[in-house]
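Residue-level structural notes
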Amino acid sequence: MPDSRSGTSPLRVAIIGSGPSGLYAAEALTSQDDVEVSVDVLDRLPAPFGLARYGVAPDHLSLRSVRHTLAAVLDHSAVRLLANVEVGTDISVEELHRFYDAIVFTYGAATDQHLEIPGEDLAGTISATELVNWYCGHPDAAAERVEAAIMAATSAVVIGVGNVAVDVTRVLSKTAPELEHTDMPQHVLDLLATSSIRSVTVLGRRGPAQAAFTTKELRELGELADADVLVDPRDLALDPVSEADIEGERRRERNMQVLADWSTRAKGGGRRTIRLGFFSQPVEIIGRDRVTGVRVERTRLDADGSLGGTGDYTTIDADLVVRSVGYRGMPLAGVPFDTARGIIPHHEGRVLDDDAVVPGEYVAGWIKRGPTGIIGTNKKDATATVHSLIADAPRLPRAAQPDPDAVTTHLSDRGVRYVTVDGWRAIDAAEIALGESRGRARTTLHDRDALLESARWSERD
Ligand SMILES: Cc1cc2nc3c(=O)[nH]c(=O)nc-3n(C[C@H](O)[C@H](O)[C@H](O)COP(=O)(O)OP(=O)(O)OC[C@H]3O[C@@H](n4cnc5c(N)ncnc54)[C@H](O)[C@@H]3O)c2cc1C
């Protein structure tokens, strides 16, 4: 039987972030029956799903469909969505404690890392986050910057060899018909259709044996309609460290096979060329007013696996540089933070401040572990955190104003226009209708006002 916490009200839980980890946490809370819960999921954006909407590549339709599973969580009667509410701006963590018995931080780690090399700020240099935000229709995308960079480009360099680097390379190399079936905003689709980019060079500091991409993502590059993939056979010669790294590692072995196949293929006459370059460390982005090239040092792996420069420098011509070298979490006012690791410190999901547990505060997802793992990884992670929360429930300090209306009244008094699940459903319907009007299954609304305007339809009944 549920413990109704001294026979009064359900346990009030706020989840900060409606990405995969937030919604998996909500699912875990509502699937247990030890404690009766009432859950609010807050998100700073008007639309839910975090990187499942604003990260996963739009041409990966089956992966993006995880949103249907996540959306079902929002339909649970004990779960309420309060989107368009930024914690730290619209409401503080201190205030949240007035309304909730427990808070679960699942606000992600989607700020991009820098290369820390000269020229990084030159026009024509953008981060993968900026590019991904733009093509996924994130309301805060730096659209003008990204569009100016793409429109002026014929040769792109992508720095990084993870799955995100492969995503952006693929999107920049696809033809318009190959992108038509996605839910990209229409202006993104239109601009990519006119792109003059003819070559994309992907650079990894280490060798192919150490590259983080999965074989499935890698193979897709070889299946594009109008692009040829080139690999320098010199990069595939295995040093002892790489041999040891590959040994018994199926993903790495398969990657090497795919790359070896490409290294012997003749150029197929595609309009675009994708070059995969390894052992290439960018040392400077070159250009006066805007980027004209990337200076690269050839690297080698020393016997202990450390990376060393060879003193052999080359310059790759480029008028667009996309850096894709990882993500980082940011602190939230009033919440302990491990600056070195970019995460909220915790023990079994309980937030720690100087090694002491902060009562009623929990963490899950990328802001707990750092930016690693696939969407599914967050389910196990969020469930583990919820286990800790439920175990603590009888001892949690109680909120002063647990009535669910108290927090929404507080937000309304502040002039915050929160979006509920009905609002999200109205956005969903508007995106489908917009897509259908252009013969597409769906078109993402990218403008915050347009999203809020669509959400408002749910309030007019
Ligand atoms: C470009 C990219 C592509 C990816 N592609 C894949 C893929 O194809 N397959 C796969 O399995 N995984 C993929 N991943 C990984 C996957 O997206 C992550 O594992 C997952 O999204 C992490 O979930 P999260 O909930 O911790 O964070 P997020 O998904 O980032 O969600 C965090 C949420 O918190 C909200 N938020 C942030 N700050 C605040 C605040 N102050 N107040 C309120 N809300 C806030 C954000 O708006 C966001 O909705 C990709 C990641 C990236 C970056």
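Preceding block: the structure.
A quick note: this is a predicted structure, and the numbers were derived from the prediction, not measured. (Residues numbered from 1 in each chain as written. Predicted model: local features only at pLDDT ≥ 70, side-chain atom pairs only at ≥ 80, totals over all residues. Heavy atoms only, no water.)

1. With respect to the packing of helix α6 (residues 128-136) against helix α8 (residues 163-173)
Convention followed: With axes taken as lines fitted to C-alpha atoms, and helix axes fitted only over the stretch in contact, angles between N-to-C directions fall between 0 and 180 degrees. Secondary structure elements follow DSSP: runs of H or I of four or more residues count as helices, runs of E of two or more count as strands, with numbering from the N terminus. By the definition adopted for this analysis, an angle is roughly parallel if under 35 degrees, roughly antiparallel if over 145, roughly perpendicular if from 65 to 115, and oblique otherwise. Crossings are classed by handedness, with left-handed meaning an anticlockwise turn of the near helix from the far one by less than a right angle and right-handed meaning a clockwise turn. Contacts were defined at the residue level, with two residues in contact if any of their heavy atoms lie within 4.5 Å.
For the pair α6 and α8, the least separation of the axes is 11 Å and the interaxial angle reads 55 degrees. Judged by the inter-axis angle, α6 sits oblique to α8. Considering only the axes of α6 and α8, their crossing is left-handed. Where α6 abuts α8, its residues Ala128, Leu131, Val132 and Tyr135 lie against Val164, Asp167, Val168, Val171 and Leu172.

2. Let's talk about the sheet that holds strand β1 (residues 11-16)
Keep this limit in mind: Criterion used throughout: strands pair if DSSP finds at least two bridges between them.
The strand order across the open sheet built from seven strands is β3-β2-β1-β4-β18-β17-β16, with neighbouring strands paired in mixed fashion. Edge positions in the sheet fall to β3 (79-83) and β16 (346-347), since each of these pairs with one other strand and no more. The pairing of β1 with strand β4 (residues 102-105) spans four bridges and is classified as parallel. Residue Val13 lies in a different strand from β4, and its bridge partner there is Ala102. Relative to the sheet, helix α1 (residues 20-31) contacts β1, β2 (37-43) and β3, its axis offset from that of β2 by approximately 175 degrees.

3. Digging into the nonpolar core
Put simply, the rule reads: For our purposes a nonpolar core is just a set of buried Ala, Val, Leu, Ile, Met, Phe, Trp, Tyr and Cys residues, chained together by side-chain atoms within 4.5 Å. Residue exposure (1.4 Å probe, protein chains only): buried if accessible area is under 20% of the type maximum, exposed if over 50%, otherwise partly exposed. Domain boundaries shown here were taken from an automatic or database domain assignment.
Counting 95 residues, the largest nonpolar core has Leu131, Tyr135 and Leu276 as its most contacted members. Formed jointly, this core draws a minimum of three residues from each of two domains, domain 1 (11-110 + 329-419) and domain 2 (112-326). In this view, Leu276 contacts Val202, Leu218, Leu221, Val229, Leu230, Val231, Asp232, Asp235, Leu259 and Trp262; residues no more than four positions away in its chain are not counted. With 25 residues, the next largest nonpolar core counts Leu82, Ile91, Tyr100 and Ile344 among its residues.

4. Things to note about the site of the ligand
This is how the line gets drawn: Throughout this document, a residue counts as near a molecule or strand when at least one of its heavy atoms sits within 4 Å of that molecule or strand. Between N or O atoms, a polar contact is any pair within 3.5 Å; within protein, one atom must be a potential hydrogen donor and the other a potential acceptor, and residues adjacent in sequence are included only when both atoms are from side chains. Only the protein chains shown count as cover for residues, and the accessible areas themselves come from Shrake-Rupley with a 1.4 Å probe.
Surveying the vicinity of the ligand reveals 31 residues, the closest of which are Ser21, Asp43, Leu51, Trp366 and Ile375. Take Asp43: an N or O atom from its side chain is 2.5 Å from an oxygen atom of the ligand. A distance of 3.0 Å separates a nitrogen atom of the ligand from a polar backbone atom of Val87. Protein contact buries 91% of the 1000 Å² of open area that the ligand shows by itself. Every element with two or more residues in the shell around the ligand is listed here: α1, β2 and α8.

That is the geometry; function is a separate question.
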